[in-house]
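# Chain and residue survey
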Amino acid sequence: MRKPVLKAVFPVAGLGTRFLPATKAIPKEMLPLVDKPLLQHAVDEARAAGIEEFVFVTGGGKRAIEDHFDADAELNRFLELKHNTEGLDAVRQTEIAPGKLFYTRQQQPLGLGHAVWCARAVVGSDPFAIILPDDYVLSQTPCLKQMVEAYQEVGGNIVAVENVPREHTNRYGILKIGSDDGRLVTVEGLVEKPAPAEAPSTLSIIGRYILQPEVMDHLSRHERGTGNEIQLTDAMARLVGQQPFHGLHFEGTRFDCGGKVGFLEATIAHALTRPDMADNVRRVLKKYSS
Ligand code: G1P
């Protein structure tokens, strides 16, 4: 029997310098798409995929994250008193049940692989998901749920993938492809941020992973890769050939919220899916489109 994926790791230790001064006192993962922080979008996606235990890899200056996912008895009481059920529903959704949320600190910015390795004690010997909250995915079925469904079929390791222009391969982890049936790709190799001329394909990894715990053994070696960082892609590459490894062409659109324009585009795209505001947003967009 395949072990279910019940744990998810959220690397949220980055300094968010691209969004200064907004991120001076607020973690970048707390910047909202309309009224919900990026990190909560990620947590909601994980919940929709059946995740029950959440691991946040944080750094200094991230206390707002702890407060956000905690229960705020005083606020709840106030909203109850005011019969503000909408507000109450919204804050209740932020709460993660006691004992189901774990924090660990990445004390040095040594790379994504190192951040994930910081979660090893909670991951233990179980398969686990990773969500990078900077990558926001709009889709019919939540992206991680699509991956869990694929995992139930093929097991092993799965990364969500999309094609990028060849001149952008140096921004992503890139797959060396075996077969590709249009939905699932068999992975023969992985390279972190290859130059366009050296990239084995243009299929890039987006910030969604389902991995087997053995990846932690490889991360434990603390080998440096691209940018002198401990790369998750390098540790995953060592699993190729040892365990099943697939890429999933997910259904949906990925937005890179790590940059300002991408963040703005995600905000607009998200707003346009919301029945409470889509018409008004469309009107505003029209006003500025001439
Ligand atoms: C990280 C990973 C990269 C992946 C990307 C997805 O890169 O290292 O393999 O393609 O996330 O967003 P970063 O964006 O942290 O440079």
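These notes cover the structure that comes with them.

Conventions used here
Residues numbered from 1 in each chain as written. Predicted model: local features only at pLDDT ≥ 70, side-chain atom pairs only at ≥ 80, totals over all residues. Heavy atoms only, no water. Helix = DSSP H or I, 4+ residues; strand = E, 2+ residues; numbered from the N terminus. Rg over C-alpha atoms; globule rule 2.2 N^0.38 Å. Contact = heavy atoms within 4.5 Å. Areas by Shrake-Rupley, 256 points an atom, 1.4 Å probe, with all protein chains shown as cover. Lys, Arg positive; Asp, Glu negative; His and termini not counted. Charge placed at Lys NZ, Arg CZ, Asp CG, Glu CD. Near = heavy atom within 4 Å. Polar contact = N/O pair within 3.5 Å; in protein donor to acceptor, adjacent residues only side chain to side chain.

Attention shifts here to the overall build of the chain. Scanning the chain for helices and strands turns up 11 helices and 13 strands. Relative to its length of 290 residues, the chain is compact, with a C-alpha radius of gyration of 19 Å against a globular reference of 19 Å. Principal-axis analysis of the C-alpha atoms places the extent of the chain at approximately 60 × 50 × 40 Å. Considering only contacts in the chain between residues 6 or more positions apart, those separated by 24 or more positions represent 76%. Summed over its atoms, the accessible surface of the chain is roughly 14,600 Å², and 51% of this surface lies on carbon and sulfur atoms. Within the chain, one finds 33 positive and 37 negative side-chain charges whose respective centroids are separated by 4 Å.

Neighbouring residues of the ligand: 14 residues in total, closest Asp135, Gly173, Glu192, Lys193 and Ile205. Separating an oxygen atom of the ligand from a side-chain N or O atom of Lys193 is a distance of 2.7 Å. With respect to the ligand, the side chain of Thr233 contributes an N or O atom lying 3.3 Å from an oxygen atom. Relative to its free-state accessible area of 380 Å², the ligand is covered by the protein chains to the extent of 74%.

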